[in-house]
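Breakdown of the fold
Here is how the chains run, residue by residue.
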Amino acid sequence: MKKVLVFLMMAIMACSMMLTGCGGSKEEKKAEPAKVLRVGTEPAFAPFEFPKEGSKELTGFDIELVQAIGKQMGAKVEISGMGFDALIPALNAGNIDVAIAGMTITEERKKAVSFSDPYYTSGLIIMVKKDNTAVKSIDDFKGKRIAAQIGTTGEMKSRSVEGAKVTTFNTQDEAALELKNGGVDAVIGDLPVMEYYLAKGGSQFAMTVGEKMEAEQYGIAAKKGSKLVEDINKAMAELKKNGEFDKIYKKWFGEAK
Ligand code: GLN
């Protein structure tokens, strides 16, 4: 009986060594690139991630950046769309490897996930109806009705306004529509996304007020402690060095970083 057990244990050890590769070999030190990089995003956040016109295929700054990162890492990029508030749970559940979604690096989120180096500087802004000249800054919204996208820094900011009645929506566009319909007095959200929205026709009824609030940095999120973050940072540094990052940045924002 004892012999059988010893044999079994040895067999298990041998199998697990085969699976992990022989300890101490040179190969082990080189990080094996993930063959498929499963990316999650919230696909209604132009110009960072949104469907190409008349197609389901996604495009945008984040999408092109993560494609380039995947290529650099030798991995095939597979993108799936979900609600912004579903991204961190999906990372934690292991359903996706990384999330790129104009996601601000915050202390709170850092407790749940690991972030890559920052890749874009953003910040929040307030959007109101074009005829609303009474408001100048966030202090004018005490007790007012504010819309924001669920789970975002815009929502957190809205909730910090004294007495404000905050309504959340799945997408930034839905929050803007609520403003258009007169359901709220303002929308708080990311400046580059609001600017894009205004430029694409939103300026017919809306405008931004005041200055961009404090700077926010976007990062690519991975499961807490994931080694992938290191690989992503390496790939991103290479793209910055070889000009690819600037090329993508210029394409979407019209100027070099
Ligand atoms: N930057 C904001 C945040 O991280 C909004 C992101 C988004 O809506 N995709 O909360």
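Starting afresh in each chain, residues are numbered from 1 along the sequence in its written order. Thresholds applied to this predicted model are a pLDDT of at least 70 for local features of residues and 80 or more for the giving and counting of side-chain atom pairs; totals over whole chains, interfaces and linings are not thresholded and use all residues. With hydrogens and water set aside, each side-chain value is computed from the structure's full complement of heavy atoms.

**Describing helix α3 (residues 61–73)**
Think of it this way: any DSSP run of H or I at least four residues long counts as a helix, any run of E at least two long counts as a strand, and we number them from the N terminus. Multiplying 1.5 Å by the residue count of a helix minus one yields the expected span of that helix. Across its 13 residues, α3 extends 18 Å between first and last C-alpha, which sits within 8% of the 18 Å expected from 1.5 Å per residue. If you check which residues of α3 are buried, you get F61, D62, I63, L65, V66, A68, I69, G70 and M73. Those residues of α3 hidden inside the fold are in contact with β1 (36–41), β3 (58–59), β4 (76–81), β7 (120–129), α9 (228–241) and α10 (244–253). A positive phi of about 75 degrees marks G74, the residue just after α3. Here's how the labels work: a residue is buried when its accessible area is under 20% of the maximum for its type, exposed when over 50%, partly exposed in between, all with a 1.4 Å probe on protein chains only. When checking whether two residues touch, look at their non-hydrogen atoms; a contact exists if any pair is within 4.5 Å.

**With respect to the site of the ligand**
The nearness test applies per residue and asks whether one of its heavy atoms lies within 4 Å of the molecule or strand. Around the ligand lies a shell of 13 residues, among which G102, R109, Q149, T153 and D190 are the nearest. Polar contacts, as used here, are pairs of N or O atoms within 3.5 Å; protein pairs need one atom able to donate a hydrogen and one able to accept it. Residues neighboring in sequence count only if both atoms are side-chain atoms. One nitrogen or oxygen atom from the side chain of R109 is found 2.7 Å from an oxygen atom belonging to the ligand. Separating a nitrogen atom of the ligand from a side-chain N or O atom of D190 is a distance of 2.6 Å. Using a 1 Å grid laid over the protein atoms alone, points where a 1.4 Å probe fits but cannot get out form a cavity; open sets with protein on both sides within 12 Å along at least 5 of 7 lines form a pocket; any residue with an atom within 4 Å of a point counts as lining. Just a note on the criterion: a molecule sits in a pocket or cavity if more than half of its atoms are within 2 Å of the grid points. Most atoms of the ligand, that is more than half of them, are within 2 Å of grid points of the largest cavity. Residues are grouped as follows: Ala, Val, Leu, Ile, Met, Phe, Trp, Tyr, Cys and Pro are nonpolar; Asp, Glu, Lys and Arg are charged; every other residue, Gly included, is polar. Split by residue class, the shell around the ligand holds five nonpolar, five polar and three charged.

**Brief notes about the sheet that holds strand β5 (residues 98–99)**
Note: strands within a sheet are paired through backbone hydrogen bonds, in either parallel or antiparallel orientation. Strand pairing is assigned whenever DSSP identifies at least 2 bridges connecting the two strands. Strands sit in the order β4-β1-β5-β13-β6 across an open sheet of five strands; the sheet is mixed. Only two strands of the sheet have a single neighbouring strand rather than two, namely β4 and β6 (113–115). As defined by bridge partners, β5 adjoins strand β13 (residues 221–223) across two bridges and the pair is classed as antiparallel. Directly across from V98, in β13, lies its bridge partner A222.

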